[in-house]
Amino acid sequence: DIVMTQSPDSLAVSLGERASIHCKSSQSVLYSSNNENYLAWYQQKPGQPPKLLISWASTRQSGVPDRFSGSGSGTDFTLTIRSLQPEDVAIYYCQQYFHTPPTFGQGTKLEIK
Amino acid sequence: QVQLVQSGAEMKMPGASVKVSCKASGYIFTDYYIHWVRQAPGQGLEWVGIINPNGGRASYAQKFQGRVTMTRDKSANTVFMELSSLRSEDTAMFYCAKVSGVPGAFDYWGQGSLVTVAS
């Protein structure tokens, strides 16, 4: 199975500042035939199911604020929140869906400093 | 709008089985696979398996092989996940999630079904 490792495990950022969460996969999730990275980011708030923010490493879902962006390729990826808002407090997970089984990172807890 | 509505919380004794349902609406049920994901209290997300609502074929995580069965009822736009030989470590929230493609990210999730295993 592909192991997804996120860093850091937790992060405290001031309101209006930038937050960056990293995700590293044990194998490449880039499919050379279509040059797509099979990497997604989810946000989970307490008592709620995860919500898909970004797929294909950098494609924001409809309705997701543009302060959220994804980057990276191959085995190294980053989720960036440009200007942290109070409603962004959550746990964030990366996931690869290239190989079966799909696997998730351990999660990064984002808090307000 | 797309919705996945799951069955309610269950409390089971160790060794029993539980069957959780996930009713889909707002899209063509047979067009998109559905995954099941487990989340133990305070823990991360763990893939349980996937079912093709069209043909009914399912594939399971090795960890759950032999204990999990996924089925569907096309007439009711509903998929089911049954987990047997329950133990206390199975206490968790179980989510169903629709994929955006094959393969694809999990674009819509059910609200979750809490399964508690205790004597």
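Residues numbered from 1 in each chain as written. Chains lettered and ligands numbered in written order. Predicted model: local features only at pLDDT ≥ 70, side-chain atom pairs only at ≥ 80, totals over all residues. Heavy atoms only, no water.

Colleague: Mind laying out the interface of chain B and chain A, listing which residues take part and the relevant values?
Modeller: Across the contact, 16 residues belong to chain B and 18 residues belong to chain A. Taken together, the connections running from chain B to chain A amount to 0 salt bridges. Where chain B meets chain A, there are 4 residue pairs in polar contact (both at pLDDT 80 or more). Among the secondary structure elements, those contributing two or more residues to the side of chain B that touches chain A are β4 (34-39) and β10 (106-109) of chain B. (Contact = heavy atoms within 4.5 Å. Salt bridge = Lys/Arg side-chain N within 4 Å of Asp/Glu carboxyl O. Polar contact = N/O pair within 3.5 Å; in protein donor to acceptor, adjacent residues only side chain to side chain. Helix = DSSP H or I, 4+ residues; strand = E, 2+ residues; numbered from the N terminus.)

Colleague: How would you summarise unusual backbone geometry if you had to cite specific residues and measurements?
Modeller: Residue and element names in this part refer to chain A. With omega at -5 degrees, the peptide bond leading from S7 into P8 counts as cis. Mapped onto the elements of the fold, P8 is located in the loop between β1 (4-7) and β2 (10-13). For N35, which is not a glycine, the phi torsion comes out positive at approximately 55 degrees. Here N35 lies in the loop between β4 (30-31) and β5 (36-37). The class of N35 is exposed, set by a relative accessible area of 58%. Even without glycine at this site, W56 takes up a positive phi of about 50 degrees. Here W56 is to be found in the loop between β7 (51-55) and β8 (59-60). (Buried < 20%, exposed > 50% of the residue type's maximum accessible area, 1.4 Å probe, protein only.)

Colleague: Would you mind going over the sheet that holds strand β1 (residues 3-6) of chain B in detail, with residue names and values included?
Modeller: All names here are of chain B. The strand order β1-β3-β8-β7 describes an open sheet built from 4 strands, whose pairing is antiparallel. The sheet terminates laterally at β1 and β7 (68-73), the two strands that pair on one side only. If you compare each strand with its neighbour and ignore which way they point, the axes differ by 20 degrees on average. (Pairing = 2+ DSSP bridges. Axes fitted to C-alpha atoms, helices over the stretch in contact; angles between N-to-C directions.)

Colleague: I'd like to hear about the packing of aromatic side chains, residue by residue, with values.
Modeller: Residues and elements named next belong to chain A. A full pass over the atoms with the stated rule returns 14 aromatic pairs over all chains. With 6.0 Å between their ring centres and 55 degrees between their planes, Y42 and F104 make a pair best called tilted. Taken together, the positions of Y42 in strand β6 (residues 39-44) and F104 in strand β12 (residues 103-104) put the pair 62 residues apart, joining distant regions of the chain. Ring centres of F68 and Y92 lie 6.4 Å apart, and the angle between their planes is 35 degrees; this geometry places the pair in the tilted category. (Phe/Tyr/Trp six-rings, centres within 6.5 Å; stacked < 30°, edge-to-face > 60°.)

Colleague: Account for the state of the cysteines, naming residues and giving values.
Modeller: A disulfide bridge is the covalent bond that connects two cysteines by way of their sulfur atoms. Summed over the entire model, instances satisfying the criterion amount to 2 disulfides over all chains. Across a sulfur-sulfur distance of 2.1 Å, C23(A) and C94(A) are joined as a disulfide pair. Its torsion about the S-S bond being 75 degrees, the disulfide of C23(A) and C94(A) is classed as right-handed. Of the two residues, C23(A) sits in strand β3 (residues 19-25) while C94(A) sits in strand β11 (residues 90-96), which places them 71 residues apart along the sequence. Taking the relative accessible area as the measure of exposure, C94(A) reaches 0% and is therefore buried. Bridging C22(B) to C96(B), the disulfide has an S-S length of 2.0 Å. Taking the sign of the S-S torsion, 75 degrees for the link of C22(B) and C96(B), the bridge is right-handed. In this pair, C22(B) is assigned in strand β3 (residues 18-25) and C96(B) in strand β9 (residues 92-99), connecting sequence segments 74 residues apart. Among the residues examined, C22(B) registers a relative accessible area of 0% and is labelled buried. A residue is classified by how much of its surface remains accessible, and C96(B), at 0% relative accessible area, is buried. (Disulfide = S-S within 2.5 Å.)

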